[in-house]
Amino acid sequence: MAAGAKSETTRQRLVETATALFRTQGYERTTMRGIAEAAGVSVGNAYYYFPSKDSLVGELYRSLQDEHRSRALPLLRAGHNLGEHLRVILQANLDVLSPYHSLGHQFLKTAALPVPRTSRYPVHSPSSAAADLPRDSTQIGRGKSIAVYRQAVQAARPQPPLAIRDDLPDLLWLVHMGVTLFWVYDSSPGQVRSRRLVANTAPLVAKLVILSRLPVVRNIVEDVVKLLRGARVHD
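Residues numbered from 1 in each chain as written. Predicted model: local features only at pLDDT ≥ 70, side-chain atom pairs only at ≥ 80, totals over all residues. Heavy atoms only, no water.

**Student:** Break down the overall build of the protein chain for me, citing the residues and quoting the values.
**Tutor:** The number of helices and strands found in the protein chain is eleven helices and zero strands. N-terminal to C-terminal, the α/β element order of the protein chain is α-α-α-α-α-α-α-α-α-α-α. Taking all 235 residues of the protein chain together, the buried fraction comes to 43%. For the protein chain, the share of sequence-separated contacts (at least 6 apart) that also reach a separation of at least 24 residues comes to 71%. Of the roughly 12,400 Å² that the protein chain leaves accessible, carbon and sulfur atoms contribute 58%. (Helix = DSSP H or I, 4+ residues; strand = E, 2+ residues; numbered from the N terminus. Buried < 20%, exposed > 50% of the residue type's maximum accessible area, 1.4 Å probe, protein only. Contact = heavy atoms within 4.5 Å. Areas by Shrake-Rupley, 256 points an atom, 1.4 Å probe, with all protein chains shown as cover.)

Shown next, in the form of structure tokens:
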């Protein structure tokens, strides 16, 4: 097996092993040593690929973001209204996250903070074969998620008002993160309250977008957009 393929196989085995242990014995009780032993690698080798449990959770979260994108994009249909697009994207997110509710708090931390880029060993040292993590993996993941909403906006009919169309994907991503936060703290069986929230929120947001054509609502929405653009300057 080529060195690169072997390296990726080891990384994947560590992530899968850590995920299984997190789900069976809990995040706090799982150790890097335990992950390494269960994965059949040395502790040093485990740290070589991942500097901490948080970085393993970060890797899992990023893979789930990619899975969400893969599930959601085929569900978007040209001509469907924005509310329907928003509903299927948010529901797909819950479907992907559902088996990992016990890791919700760690996901929240991972989504809010960049995953450390460095490991115990210098990434570019002669002895290092670990794949280099993106410098800002949080922004990359967020960008992929926003791109899904951009596609939803472009395919929606009727089209959202031109004044907010460019910024709307970012605003919808904020709704996405709000639903994710609700899901993290949702203790209802199967997080049914989160699914009810999605069913009720999607058409409401779509109505507000259409109502933004009215002067009173438009002024409020434009103020929100200005806040968002101001935040981007310091992002």
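**Student:** So what's going on with the side chain of Q106? Which residues, and what values?
**Tutor:** By the element assignment, Q106 lies in helix 6 (residues 104-112). Every residue in contact with Q106, bar those within four places of it in the chain, is listed here: Y27, E28 and V57.

**Student:** Any details on the packing of aromatic side chains? Residues and values, ideally.
**Tutor:** This model, assessed by the stated rule, comprises four aromatic pairs. A centroid spacing of 5.2 Å and a plane angle of 85° characterise the contact between Y48 and Y49, whose relative ring orientation is edge-to-face. The class for Y48 is buried, based on a relative accessible area of 9%. Considering the side-chain rings of Y100 and F107, the 6.4 Å spacing of their centres and the 65° angle between planes classify their relative orientation as edge-to-face. As far as burial versus exposure is concerned, Y100 and F107 are alike and both buried. Members of the aromatic cluster, connected to one another through ring pairs, are Y61, Y100 and F107. Above the ring of Y27, the side-chain terminus of K53 is found at 4.3 Å from the ring centroid. Taking NZ or CZ as reference, R142 lies 5.6 Å from the ring centre of W173, over its face. (Phe/Tyr/Trp six-rings, centres within 6.5 Å; stacked < 30°, edge-to-face > 60°. Lys NZ or Arg CZ within 6 Å of the ring centre and 35° of its normal.)

**Student:** Tell me what's going on with the nonpolar core, and back it up with residues and numbers.
**Tutor:** Among the nonpolar cores identified, the biggest contains 57 residues, and L14 and F107 are the most heavily contacted of them. Here this core takes nine residues from helix 5 (residues 82-97), the largest share from any one element. The contacts of L14, once residues within four sequence positions are left out, are I35, A39, V41, A46, Y49, F50 and L56. (Core = buried A, V, L, I, M, F, W, Y, C linked by side-chain atoms within 4.5 Å.)

**Student:** Tell me what's going on with the pattern of salt bridges, and back it up with residues and numbers.
**Tutor:** Per the counting criterion, the structure on display carries eight salt bridges. E84 is paired through a salt bridge with R87; the nearest N and O atoms lie 2.7 Å apart. Taken together, the residues E84 and R87, both in helix 5 and three residues apart, mark about one turn of the helix. Using a relative accessible area of 32% as the deciding quantity, one classes R87 as partly exposed. R195 is the partner of D95 in a salt bridge, and the nearest nitrogen-oxygen pair spans 2.9 Å. (Salt bridge = Lys/Arg side-chain N within 4 Å of Asp/Glu carboxyl O.)

**Student:** Outline the packing of helix 5 against helix 9 (residues 168-184), supporting the account with residue identities and numerical values.
**Tutor:** At a closest axis distance of 11 Å, the pairing of helix 5 and helix 9 adopts a crossing angle of 40°. With respect to helix 9, the axis of helix 5 lies oblique. As helix 5 packs across helix 9, the resulting crossing turns out to be right-handed. On helix 9, the residues that touch L82, L86, L90, N93, L94 and L97 of helix 5 are L168, L172, V175, H176, V179, T180 and W183. (Axes fitted to C-alpha atoms, helices over the stretch in contact; angles between N-to-C directions. Parallel < 35°, antiparallel > 145°, perpendicular 65-115°, else oblique. Left-handed = near helix turned anticlockwise from the far one by under 90°.)

**Student:** For helix 2 (residues 32-39), give the residues involved together with the corresponding values.
**Tutor:** Listing the buried residues of helix 2 in full gives M32, I35, A36 and A39. Buried residues along helix 2 cover an arc of 95° about the axis, so they all sit on one side. In helix 2, those exposed residues whose orientation departs by more than 90 degrees from the buried face are R33 and E37. Where helix 2 ends, the next residue or the one after it, G40, has phi of about 75°, a positive value. (Arc of directions from axis to C-beta.)

**Student:** I'd like to hear about a nonpolar patch on the surface, residue by residue, with values.
**Tutor:** On the surface, L204, L208, L211 and L214 cluster together to form a nonpolar patch covering roughly 360 Å² of accessible area. Note on placement: L211 falls in helix 10 (residues 192-211). On the basis of relative accessible area, L211 is assigned to the partly exposed category, the value being 38%. (Patch = residues over 30% accessible without salt bridge, like charges linked within 9 Å, V, L, I, M, F, W, Y side chains within 5 Å.)

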